[in-house]
Amino acid sequence: MTKYKLEYIWLDGYAPVPNLRGKTQVKEFDTFPTLEQLPLWGFDGSSTMQAEGRSSDCVLKPVAIYPDPARTNGALVMCEVMMPDGVTPHSTNKRATILDDEGTWFGFEQEYFFYQDGRPLGFPEAGYPAPQGPYYTGVGFKNVGDVAREIVEEHLDLCLAAGINHEGINAEVAKGQWEFQVFGKGSKKAADEIWMARYLLERLTEKYGIDIEYHCKPLGDTDWNGSGMHCNFSTKYMREVGGKEYFEALMAAFEKNLLDHIAVYGPDNDKRLTGKHETAPWNKFSYGVADRGASIRVPHSFVNNGYKGYLEDRRPNSQGDPYQIASQVLAALRLQPDLSTWRRFSDRRHDCVQRFDCSVQAPRRPRQWSVILIEFRNCQAAAARCPSRPARTSACAPCARSRPS
């Protein structure tokens, strides 16, 4: 039997941005433990803004485990916070209630600043360094200093050794600003790995006397870039079928839910999403090919491949909760079902209207389209008005005959 150091890691109850917390217990196992072997573990929720002192017990439920390369026989255990019964999710447990789909792939681009002595690494005690321009993907002491690259390289190695799907690093536009990328299939897996990568970065920089600043606009209203966490996303349908019609309908769904997205895309985003410094205004939705000043950047590869592939939502900021961000993206994707699940009916033949009594409202289409899309996923969707529709039935006769089994 081997004694393993299990670092249980969770998100506390601070708002609007939770902090990472962690504590260690030692357990004996024959081999590296599986998730199923890990016990629930209690903690003092009154010290993490998750309970009151008179009833302070909360419970940690392991949901993902990774090797801890910084410790001998170590393990990193991502946890959800539960109520004392160990079954009911705590109100601060956002992971437990998010939408998830392993067929939807996410790539997060986490930007951040190194901070030391209250200012970005490389900034003078007073004033500013040379204007931004040479720092993005820069090389050399004058651009990146003498310690930042050492940290990001060590962080990259730690993530890879832990099994996190870390996909790359680069210096960013402002001095002292960097980025790492994490890819995952499904919102929970991708978000788990972003949080774990954040944890490893913050723990690593302890020995350097450097902090990580995730605020989206730490330098305020100046001519210095803020930090984002751009969210790249792709569904199986987007990768395999796609098409311009589907893409345009998808963008309409994102525009319709603009405020729902902004609400979970990180605090103080109005300070970052101003229309300057490669951002779109927070209250206006836009998209464009290779446009880093748009809400959604459409890669050239997406268009050249018949509107198939992935898209980049550039609005999430660096302090955003990846669980909620990915879930909101999934919610918008589900507003526009795959076109393969729809049936087309000419409005000339069926005289149907573009309004349906179903769980998913069909989006408005350009007037020149002579088709109506009717969703049959729950076998209750039907045209609201049709001359062939029998009384008290859920679908008109022509539609019912075309309904897939």
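Nothing here was measured: the structure is a model prediction, and the numbers come from that model.

Student: Hey, could you run me through the overall build of the chain in this one?
Tutor: In terms of helices and strands, the chain carries eleven helices and 16 strands. When each of the 405 residues of the chain is scored for burial, the buried share is 51%. Taking the intrachain contacts of the chain between residues at least 6 apart in sequence as the baseline, contacts between residues at least 24 apart amount to 66%. Surface summary for the chain: the accessible area is close to 19,100 Å², and the carbon and sulfur share equals 48%.

Student: Got a minute to help me understand the pattern of salt bridges in this structure?
Tutor: Opposite charge on two side chains makes pairing possible when the charged atoms of those side chains draw close. Counting across every chain of the model gives 13 salt bridges. R297 is paired through a salt bridge with E312; the nearest N and O atoms lie 2.4 Å apart. Of this pair, R297 sits in strand 13 (residues 296-298) while E312 sits in strand 14 (residues 311-313), and the two are 15 residues apart along the sequence. Residue classification places R297 among the buried positions, given a relative accessible area of 11%. The network of salt bridges with shared partners includes E80, R95 and D192.

Student: Looking at this model, I keep getting lost on the sheet that holds strand 5 (residues 74-82). Mind explaining?
Tutor: The strands making up a sheet are joined through hydrogen bonds of the backbone, oriented either antiparallel or parallel. What the five strands build is an open sheet, ordered 2-1-5-4-3; its pairing is mixed. Edge positions in the open sheet fall to strand 2 (20-29) and strand 3 (41-44), since each of these has one partner strand only. Averaged over all adjacent pairs, the angle separating strand axes in this sheet is 40°, with direction ignored. Sheet analysis places strand 3 next to strand 4 (residues 57-68), joined by four bridges and oriented antiparallel. Looking at strand 4, one finds that F43 is bridged to C58. Packing against the sheet, helix 3 (residues 187-204) makes contact with strand 1 (2-11), strand 2, strand 4 and strand 5, and its axis sits at approximately 120° to strand 5.

Student: Can you help me understand the pairing of strand 6 (residues 105-116) in this one?
Tutor: Every other side chain in a regular strand lies on the same face of the sheet, so the side chains alternate between the two faces. Counted residue by residue, strand 6 has ten buried out of twelve residues, so it is predominantly covered. Two elements, strand 6 and strand 9 (residues 177-185), share nine bridges in a ladder whose sense is antiparallel. Opposite G107, over in strand 9, you have F183 as the bridge partner. Relative to strand 11 (residues 229-234), strand 6 runs antiparallel, the two sharing six bridges. Bridging across to strand 11, F108 finds its partner in C231. In the sheet, strand 6 pairs with strand 10 (residues 211-213) via three bridges, with the strands oriented antiparallel. Residue pairing in the sheet places F113 in a bridge with E213 of strand 10. As paired strands, strand 6 and strand 7 (residues 119-120) are joined by two bridges and run antiparallel to one another. In the sheet register, Q116 faces strand 7, and the bridge partner there is R119. Hairpin remark: strand 6 followed by strand 7, antiparallel, with two residues in the connecting loop; positive phi at D117, about 55°.

Student: Hey, could you run me through the side chain of T235 in this one?
Tutor: If you trace the backbone, T235 turns up in the loop between strand 11 and helix 4 (236-240). A distance of 3.0 Å separates a polar side-chain atom of T235 from the backbone nitrogen of M238. Dropping the residues within four chain positions of it, T235 is found in contact with G103, T104 and L333.

Student: It is not clear to me how the environment of L333 should be interpreted in this structure. Could you clarify?
Tutor: Its location among the elements puts L333 in helix 9 (residues 322-335). The exposure class assigned to L333 is buried, which follows from its relative accessible area of 6%. Sequence-wise, L333 and T235 are 98 residues apart; in three dimensions their C-alpha atoms are separated by 8.5 Å.

Student: Would you take a moment to explain the pairing of strand 9 for this structure?
Tutor: By the criterion of burial, strand 9 is predominantly enclosed, with eight of the nine residues buried. Across five bridges, the pairing between strand 8 (residues 166-171) and strand 9 is antiparallel. Each bridged residue has a counterpart across the sheet, and for H166 the counterpart in strand 9 is V182. Hairpin connection of strand 8 to strand 9: five residues between the antiparallel strands, including G176 at a positive phi of 85°.

The rules behind the values
Residues numbered from 1 in each chain as written. Predicted model: local features only at pLDDT ≥ 70, side-chain atom pairs only at ≥ 80, totals over all residues. Heavy atoms only, no water. Helix = DSSP H or I, 4+ residues; strand = E, 2+ residues; numbered from the N terminus. Buried < 20%, exposed > 50% of the residue type's maximum accessible area, 1.4 Å probe, protein only. Contact = heavy atoms within 4.5 Å. Areas by Shrake-Rupley, 256 points an atom, 1.4 Å probe, with all protein chains shown as cover. Salt bridge = Lys/Arg side-chain N within 4 Å of Asp/Glu carboxyl O. Pairing = 2+ DSSP bridges. Axes fitted to C-alpha atoms, helices over the stretch in contact; angles between N-to-C directions. Polar contact = N/O pair within 3.5 Å; in protein donor to acceptor, adjacent residues only side chain to side chain.

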